[in-house]
Protein chains: 2
Amino acid sequence: MHVAIPLYDRFTALDAVGPYTVLAFAPGWTVTFVAAEPGPVTDDRGQLSIAATAGYEEVPRPDVIVVPGGIGTFEALADEALVGWIREADAHTRWTTSVCSGSLLLGAAGLLRGRRATSHWAVTGFLADTGARAVTERVVVDGKIVTAAGVSAGIDMALTLLGQAADTETAEAVQLVIEYDPDPPFDAGAIGKASDALRERAAALLR
Amino acid sequence: MHVAIPLYDRFTALDAVGPYTVLAFAPGWTVTFVAAEPGPVTDDRGQLSIAATAGYEEVPRPDVIVVPGGIGTFEALADEALVGWIREADAHTRWTTSVCSGSLLLGAAGLLRGRRATSHWAVTGFLADTGARAVTERVVVDGKIVTAAGVSAGIDMALTLLGQAADTETAEAVQLVIEYDPDPPFDAGAIGKASDALRERAAALLR
């Protein structure tokens, strides 16, 4: 199975690298980072660059795409090379997936009309504008479209995908490889449980 | 607070990028990826490269170091430039941390003697050889040394660290930013709960 992850300026690193690590450990799966042209692409903290090893035109028909989100998503919505590649790749994918605000890019490509989909809590209000039926679940599977909530939800999404695209045993083996038995030190990861003060403090970090 | 994450050939991507994303979203924190020399460093799947932006000698006194693990750790144990940098940096850090088999590198630098420490389940047997008191906990804080279990445990470690090095409110805000309210689709992330078949399947993916 060949996975392509498009990178664009100011993506969120964990959005891409969570699913990458899950899927790249699956036997027989390969992952290619793509961009407008090969070379380093810098994340939204400005402190990490991942190398795209291929241009979009070199990877026209991956089996799976994983579109990350990030502070740069809104600017990327106007990037027709990226959005066009997503649209054209989707015509042949077995699975078209996103993490975080990446679902807005699927929406910009016209792929979410009438579909159930999720996104980062800070941007779910924009998801309905794409014609999606926006929900606040962590991982949403609607046919071949699989969307994840914010950032770390990409790990849950990729394991869910692997369970369906390969089999449960493979997904469980990868989960054990990455020792994904989470134990957050605080219970602060869900917007529905956040105080107004916490929500405001988190929103400030996203500006 | 200035964090340095050393990269070496065949590190595991999520080991580095989980803590990176947590700490780089914290207000006032900056993260630098370092290596023997600046340039791209390729991970243990051979499919991702992250750019080191500084050589070791350029970042001699970071406040925090986060040492990732990976398939390449055992070869890296003999890399005196890396191990020497860890040892010398630790003399001045406020926190010295590792993820996964990265704790073996802390051990090689002589930092774990008599310390409680953890690692990836596949390599905990080697941890005692460093003089550490090896335990199977997910995150272990022993003074300024903080070690995490395998791969994804680095996210829990970084949030724990942030709660102590900054404050609870900051750590909770970052947790909400990365929407870390984990919901794994399978209950397969802990070695203590794994069947022999699952353990063997996972071990095969690490070879």
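None of these values were measured; they are calculated from a predicted model.

(A) Focus on the sheet that holds strand 1 (residues 2–6) of chain A. Residue and element names in this part refer to chain A. Read across the open sheet, the 7 strands follow the order 5-2-1-6-7-11-10; overall the sheet is mixed. Strands with a single pairing partner mark the edges of an open sheet, and in this sheet they are strand 5 (54–55) and strand 10 (139–142). Sheet analysis places strand 1 next to strand 2 (residues 30–35), joined by 5 bridges and oriented parallel. Across the sheet, Ala 4 pairs through a bridge with Thr 32, a residue of strand 2. Sitting on the sheet, helix 3 (residues 80–90) is in contact with strand 1, strand 2, strand 6 (64–67), strand 7 (95–99) and strand 11 (145–148), with an inclination near 150° to strand 6.

(B) Unusual backbone geometry, seen in detail. Residue and element names in this part refer to chain B. With phi around 65°, Cys 100 is a residue other than glycine that occupies positive phi space. Among the secondary structure elements, Cys 100 is positioned in the loop between strand 7 (95–99) and helix 4 (102–108). Positive phi is not limited to glycine here, since Val 151 has a value of about 45°. Looking at the element boundaries, Val 151 is found in the loop between strand 11 (145–148) and helix 6 (153–165). For Val 151, a relative accessible area of 3% translates into the label buried.

(C) How the structure looks around the relation of the copies chain A and chain B. Of the two same-sequence chains, chain A is brought onto chain B (RMSD 0.0 Å, axial shift 0.0 Å) by a rotation of 180°. The superposition operator between the copies reduces to a two-fold rotation axis. Residue A:Ile50, judged by its C-alpha, is the member of chain A lying nearest the rotation axis, at 2.3 Å. Here 100% of the interface residues in chain A have copies in chain B that are interface residues too; the copies meet face to matching face.

(D) Representation of the sheet that holds strand 7 of chain B in the model. Residue and element names in this part refer to chain B. Spatially, the 7 strands line up as an open sheet ordered 5-2-1-6-7-11-10, and their pairing is mixed. A strand with exactly one partner marks an edge of an open sheet, and here the two such strands are strand 5 (54–55) and strand 10 (139–142). As defined by bridge partners, strand 7 adjoins strand 11 across 4 bridges and the pair is classed as parallel. Residue pairing in the sheet places Ser 98 in a bridge with Thr 147 of strand 11. Of the strands in this sheet, strand 6 (64–67), strand 7, strand 10 and strand 11 touch helix 6, which is tilted by about 165° from strand 7.

The rules behind each value
- Residue positions within a chain follow its written sequence, with the count starting from 1.
- Chain letters start at A and ligand numbers start at 1, both assigned in the order the entries are written.
- In view of the model being predicted, local features appear only for residues whose pLDDT reaches at least 70, and side-chain atom pairs are presented and counted only at 80 or more, with totals across whole chains, interfaces and linings using the full set of residues.
- Side-chain figures throughout are based on the complete set of non-hydrogen atoms in the structure, without hydrogens or water.
- DSSP bridges decide pairing: two strands pair if at least two such bridges lie between them.
- In this text, helices come from DSSP runs of H or I with a minimum length of four residues, and strands from runs of E with a minimum of two, each type numbered from the N-terminal end.
- Residues count as neighbours in contact if any of their non-hydrogen atoms are within 4.5 Å of one another.
- Note on geometry: axes are lines fitted to C-alpha atoms, helical ones only across the stretch in contact, with angles between N-to-C directions running from 0 to 180 degrees.
- Between buried and exposed lies partly exposed: a residue is buried under 20% and exposed over 50% of the maximum accessible area for its type, with that area taken using a 1.4 Å probe on protein chains only.
- Our superposition of the copies is a least-squares fit, built on the C-alpha atoms of residues whose pLDDT is at least 70 in both.

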